[in-house]
Amino acid sequence: MAVARTSPPARKVAREQIAISLPTRWLHVQGVGAQAEQIAPAFGGDGEDLIAACWLHDIGYAPALAHTGFHPLDGARFLRAEGWPERICGLVAHHSFADLEAELRGVEGLDEFENEDSAVRDAVWYCDMTTGPSGERVDVHQRLDEIVARYGPADVVSQFISRARSELVAAVERTERRLRAAV
Ligand SMILES: [Fe+2]
C-alpha cells in the first residue's frame, strides 16, 4: 500500500519502530526530524522528502528490522516493502556516506537503491551530522569526535569516520551555504 509523502506518517512509523525498543536512538531521531522540519522551507518542493527521510533515516536500527545488521540497508528495504517512495528509500539507504561504511564492512546491497547527488541528500546528512545522540544540536566536528569516542578508535565505525570525515563535513558546509542563501 502506498504511503502518503507527508512527514506525519514518517514520524509515526519511526516512533512505532524505535521509541520503545531504542529510546536513546529515538531522542536522536526526534532531533534530526525536528531539524529537517525547521530547514525544509529552504528546499521548496523537496522539503517534504527531506523531512520524511530524516524521520526514517535510522529506522533500520529497530531490532525487528535488523536483518543484515547494517541499518541503512535494513531501513531502506523495510521502507520499500512498506511502499514508501523510492526516493525516500534511496535517501535512507545512502545517508551519511553509508556506502563507505558498507564497503568497510563488506556489506552488499545498497546499490539496490538510487544514490542521488543533490541538495536534499546533503541536507539529510547535515541534519544527521549536526544532531547528537540525545537529539541536541552539535557542530559536525563535535558529532564526529563523539562517535569515535563512543565506539573506540579500533572499531570499524571509527575507521569509517576517519575516512568519511571530509565528505561528511563538505555536505554539511554545502547545506549551511544553501541555508544562508535562502534567508
Ligand atoms: Fe542518525
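Scroll up for the structure.
Here we summarise the structure given alongside this text.

Parameters at a glance
- Residues numbered from 1 in each chain as written.
- Predicted model: local features only at pLDDT ≥ 70, side-chain atom pairs only at ≥ 80, totals over all residues.
- Heavy atoms only, no water.
- Buried < 20%, exposed > 50% of the residue type's maximum accessible area, 1.4 Å probe, protein only.
- Helix = DSSP H or I, 4+ residues; strand = E, 2+ residues; numbered from the N terminus.
- Contact = heavy atoms within 4.5 Å.
- Donors = N, O, S within 2.8 Å, 3.2 Å for Na, K, Ca; no water.
- Tetrahedral: all angles 85-135°; square planar, octahedral: opposite > 155°, others 65-115°.

1. Digging into helix H5 (residues 86-93)
- Within H5, six of the eight residues are buried, which leaves the element mostly enclosed by the surrounding structure.
- Among the residues making up H5, those that are buried are Ile 88, Cys 89, Gly 90, Leu 91, Val 92 and Ala 93.
- Buried residues along H5 sit in contact with helix H3 (47-56), helix H4 (71-81), helix H6 (98-105) and helix H7 (119-129).

2. Quick notes on unusual backbone geometry
- Not every positive phi belongs to a glycine, and Ser 96 is a case in point at roughly 50 degrees.
- In this structure Ser 96 comes out as buried when scored by relative accessible area, which is 6%.
- Of note, Phe 97 is a non-glycine position whose phi angle comes to about 60 degrees, a positive value.

3. Side note on the coordination of the iron ion
- At this site the iron ion is bound by His 28 (NE2), His 57 (NE2), Asp 58 (OD) and Asp 128 (OD), with donor distances of 2.1 to 2.5 Å.
- Coordination geometry of the iron ion: the four donor atoms subtend angles of 81 to 173 degrees at the metal centre, consistent with an arrangement described as irregular.
- Mapped onto the sequence, the residues coordinating the iron ion show the spacing H-x28-H-D-x69-D. You can see His 57 sitting in the loop between H3 and H4 and its partner Asp 128 sitting in helix H7, a full 71 residues away along the chain.
- Judged by relative accessible area, which is 0%, His 57 ranks as buried.
- Classification of Asp 128 by relative accessible area gives buried; the value is 5%.

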